[in-house]
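# Results of the structural survey
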Amino acid sequence: MEKETLRHHILSMRRNLSSEEVKERSEKIREFFFNFPLVKKASLILFYLSLPDEVQTERLIRDTLKMGKKVAVPLVKKEKREIIPCKLSNYDKELEDGPWGILQPKIKCKRVDIKEIDLVVVPGVAFDEKGHRLGFGAGFYDRFLKLLSSTTKTVSLSFEIQIVNKVPSLPHDISVDYIITEKRIINCKRRICNG
């Protein structure tokens with residue numbers, strides 16, 4: 001299946017989930033997330049700020065801050081197709097509406113050194129078990145992931161319906177290390193699924 005067809009297919013399935021289903025599945029993913037050794041070890045985690053039909057990150061962010069860990073979120077520069085990681089200390093006061101109706105940090109946010117990020121939570125539309133991801137097609141995250149330190153790990157949060165047999169990938173596409181769904185944690189490098 002080509003990228004555009006796959007994107008359309010998965011997005012329509014995701015958008016058909018009720019808000020209650022999104023909430024319930026996100027809650028199961030949250031439990032897996034906080035039991036995940038890489039999350040326990042990380043001191044600075046970059047989260048995406050979720051759309052209504054994505055795996056929800058607001059509670060994850062709030063809980064991570066309560067644990068005393070550092071949190072960063074993406075400031076999106078639409079014209080340059082660039083992501084700037086910014087420190088987030090207060091979810092209620094430091095965010096505003098950004099491009100495409102996605103929350104983002106206010107322009108005067110404190111930038112984070114990309115080399116200090118231990119774990120990046122990467123959004124996506126579809127994934128396969130090898131960690132190939134299909135985004136919205138603008139390439140923001142592909143560009144950003146190339147800049148990460150070699151020690152920084154990546155994890156995607158995904159509903160099980162977003163996992164497919166094969167995501168078409170090109171040499172410049174960057175795969176993720178792990179995927180957490182409401183049913184399992186997939187280690188994409190070893191291709192071992194723990195359920």
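Structure's up top.
The paragraphs below set out a description of the structure included in this document.

Cut-offs applied
- Residues numbered from 1 in each chain as written.
- Predicted model: local features only at pLDDT ≥ 70, side-chain atom pairs only at ≥ 80, totals over all residues.
- Heavy atoms only, no water.
- Helix = DSSP H or I, 4+ residues; strand = E, 2+ residues; numbered from the N terminus.
- Expected span 1.5 Å × (residues − 1).
- Buried < 20%, exposed > 50% of the residue type's maximum accessible area, 1.4 Å probe, protein only.
- Arc of directions from axis to C-beta.
- Contact = heavy atoms within 4.5 Å.
- Core = buried A, V, L, I, M, F, W, Y, C linked by side-chain atoms within 4.5 Å.
- Disulfide = S-S within 2.5 Å.

## Observations concerning helix H2 (residues 19–34)
Given 3.6 residues to a turn, an α-helix orients residues that are three or four positions apart in the same direction. The end-to-end C-alpha distance of H2, which contains 16 residues, comes to 22 Å, matching closely the 22 Å that a straight helix rising 1.5 Å per residue would cover. Those residues of H2 lying buried are Val22, Ser26, Ile29, Arg30, Phe33 and Phe34. In an axial view of H2, the angular spread of the buried residues amounts to 120°, which keeps them on one side of the axis. On its buried face, H2 sits against helix H3 (37–41), helix H4 (58–66), strand S6 (119–122), strand S9 (153–157) and strand S10 (178–180).

## Some thoughts on the environment of Lys77
Relative to the helices and strands, Lys77 resides in strand S2 (residues 70–77). The spacing of Lys77 and Phe32 is 45 residues in sequence and 32 Å in space, taken between C-alpha atoms. If we ignore the near neighbours within four places in the chain, the residues touching Lys77 are Glu82, Ile84, Arg111 and Phe140.

## Notes on H4
Along H4, the residues classified as buried are Leu60, Ile61, Asp63 and Thr64. In this fold, the buried residues of H4 make contact with H2, strand S1 (44–46), S2, strand S3 (82–88) and S9.

## Describing unusual backbone geometry
The backbone of Arg81 shows a phi angle near 50°, a positive value even though the residue is not glycine. In this structure, Arg81 sits in the loop between S2 and S3.

## Some remarks on the nonpolar core
Judged by nonpolar contacts, the single largest core of 49 residues is most densely connected at Phe33, Phe144 and Leu157. Not counting the four nearest positions on each side in its chain, Phe33 is found in contact with Val39, Phe47, Leu60, Thr64, Val121, Val155, Leu157 and Ile180. Of all hydrophobic cores here, the second largest spans eight residues; its members include Leu6, Val125, Leu134 and Val167.

## So, the state of the cysteines
Throughout the structure, instances matching the rule amount to one disulfide. With its sulfur 2.1 Å from that of its partner, Cys86 forms a disulfide with Cys109. Placement of the pair is Cys86 in strand S3 and Cys109 in the loop between strand S5 (103–105) and S6, with a sequence separation of 23 residues. Across the pair, Cys109 and Cys86 agree in class, each one buried.

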